[in-house]
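Results of the structural survey
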Amino acid sequence: MTDFFQFEADFVDSLRCIPMQVRYKLDTCGIKLKLSDWNQMTTAERQALVELPCTTKTEIQFYHDHIQQLIIQHTSLSATKLPIEPHPAWLDSATVPASLQEKAQEIGVTLTQQYWAALTPLQRFALIKLSRPGHENKNFKRAMAEFHLL
């Protein structure tokens, strides 16, 4: 999983922001990573976090431990742990989250279950994250267009 979304194009070359695929892995392994901590890491360390797999139980544990060590190394503090969602909405291709449906309707789109099911888990994750209240939602519409939902 090293493909970036087009809506991330303004920062992925430098990795100055945390790309969705890394955010996905963070949610998978239960680590909260602050942008300030991310920016203390070297480009090589950030690139490794992009490239490291985080799918199997062993990979998830390794990713968790690795990022925890990086954060301690750069900040002298342990990372904040996040609860790991046992059944994350982005893995449920049968149900479009109501909050996402509401956000889509704000831009005149009805997100059907058929379209939702056709998305990859990473695409569903991105839409959920980009639609959350309090999140800078400028990329939501761009993501919807990129995923051919507009």
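Residues numbered from 1 in each chain as written. Predicted model: local features only at pLDDT ≥ 70, side-chain atom pairs only at ≥ 80, totals over all residues. Heavy atoms only, no water.

**Focus: the overall build of the protein**
Where we set the bar: Where helices and strands are cited, they refer to DSSP runs of H or I of at least four residues and of E of at least two residues respectively, numbered from the N terminus. As defined in this context, the radius of gyration uses C-alpha atoms, and a globule is described by 2.2 Å times the residue total to the power 0.38. The rule is simple: take the accessible area with a 1.4 Å probe, protein chains only, and divide by the maximum for that residue type; under 20% is buried, over 50% is exposed, in between is partly exposed. Contacts were defined at the residue level, with two residues in contact if any of their heavy atoms lie within 4.5 Å. Calculation of accessible area relied on Shrake-Rupley with a 1.4 Å probe; when residues are assessed, cover is drawn exclusively from the protein chains displayed.
Across its full length, the protein holds nine helices and two strands. Overall, the protein shows an N-to-C arrangement of helices and strands of α-α-β-α-α-α-β-α-α-α-α. In terms of overall size, the protein behaves like a compact globule, its C-alpha atoms giving a radius of gyration of 16 Å where 150 residues would be expected to give roughly 15 Å. Dimensions along the principal axes, computed over C-alpha positions, put the protein at roughly 45 × 30 × 25 Å. Looking at the protein residue by residue over its 150 residues, the buried ones come to 43%. Within the protein, contacts between residues separated by at least 24 positions form 59% of all contacts whose residues are at least 6 apart in sequence. Per element, the accessible surface of the protein, about 8400 Å² overall, is 53% carbon and sulfur.

**A short note on the packing of helix 2 (residues 20-29) against helix 5 (residues 57-75)**
Quick note on the threshold: Here an angle of 0 to 180 degrees is reported between the N-to-C directions of two axes, which are lines fitted to C-alpha atoms, with helices fitted over the stretch in contact. Geometric relationships in this document are graded by angle, where less than 35 degrees denotes roughly parallel, more than 145 denotes roughly antiparallel, 65 to 115 denotes roughly perpendicular, and other angles denote oblique. Residues are sorted three ways: Asp, Glu, Lys and Arg are charged, Ala, Val, Leu, Ile, Met, Phe, Trp, Tyr, Cys and Pro are nonpolar, and all the rest, Gly among them, are polar.
For the pair helix 2 and helix 5, interaxial distance at closest approach is 9 Å and the crossing angle is 105°. Judged by the inter-axis angle, helix 2 sits roughly perpendicular to helix 5. Contact residues: helix 2 offers Val22, Lys25, Leu26, Thr28 and Cys29, while helix 5 offers Ile60, Tyr63, His64 and Ile67. When its residues are assigned to classes, the contact of helix 2 with helix 5 shows six nonpolar, two polar and one charged.

**Concerning the environment of leucine 130**
Mapped onto the fold, leucine 130 is located in helix 8 (residues 121-131). A C-alpha to C-alpha distance of 16 Å links leucine 130 and leucine 91, two positions 39 residues apart in sequence.

**Description of the environment of glutamine 68**
Assignment of secondary structure puts glutamine 68 in helix 5. Apart from residues no more than four positions distant in its own chain, glutamine 68 is found in contact with Ile31, Ser78, Ala79 and Lys81.

**Remarks on the pattern of salt bridges**
Convention followed: Between Lys or Arg on one side and Asp or Glu on the other, a salt bridge is scored when a side-chain nitrogen of the former is within 4 Å of a carboxyl oxygen of the latter.
Per the counting criterion, the structure on display carries two salt bridges. Note that aspartate 27 and lysine 129 form a salt bridge whose closest N and O atoms lie 2.8 Å from each other. One end of the pair, aspartate 27, is in helix 2; the other, lysine 129, is in helix 8, and 102 residues separate them in sequence. Just as aspartate 27 is buried, lysine 129 falls in that class too.

**A word on the state of the cysteines**
The criterion, for reference: Here, two cysteine sulfur atoms that lie within 2.5 Å of each other are counted as a disulfide.
All told, the structure shown has zero disulfides when counted by the stated rule. In this model cysteine 17 remains outside any disulfide bridge; the closest cysteine sulfur is found in cysteine 29, 19 Å from its own. Left unpaired, cysteine 54 is separated from the closest cysteine sulfur, that of cysteine 29, by 5.1 Å. The buried category is assigned to cysteine 54, whose relative accessible area is 7%.

**Comments concerning helix 9 (residues 138-146)**
Keep this limit in mind: The directions considered for the arc run from the helix axis to the C-beta atoms.
Looking only at helix 9, the buried set comprises Asn139, Phe140, Ala143, Met144 and Glu146. Down the axis of helix 9, the smallest arc covering the buried residues is 160°, so these residues share one side. Check the buried side of helix 9 and you find it contacts helix 6 (98-106) and helix 8.

**Some remarks on unusual backbone geometry**
Unusually for a residue other than glycine, leucine 15 sits at a positive phi of about 55°. Relative to the assigned elements, leucine 15 resides in the loop between helix 1 (9-12) and helix 2. When its relative accessible area of 2% is taken as the criterion, leucine 15 is described as buried. Of note in the backbone geometry, histidine 148 takes a positive phi value of approximately 60° without being a glycine. Its place among the elements puts histidine 148 in the segment after helix 9. The exposed category is assigned to histidine 148, whose relative accessible area is 67%.

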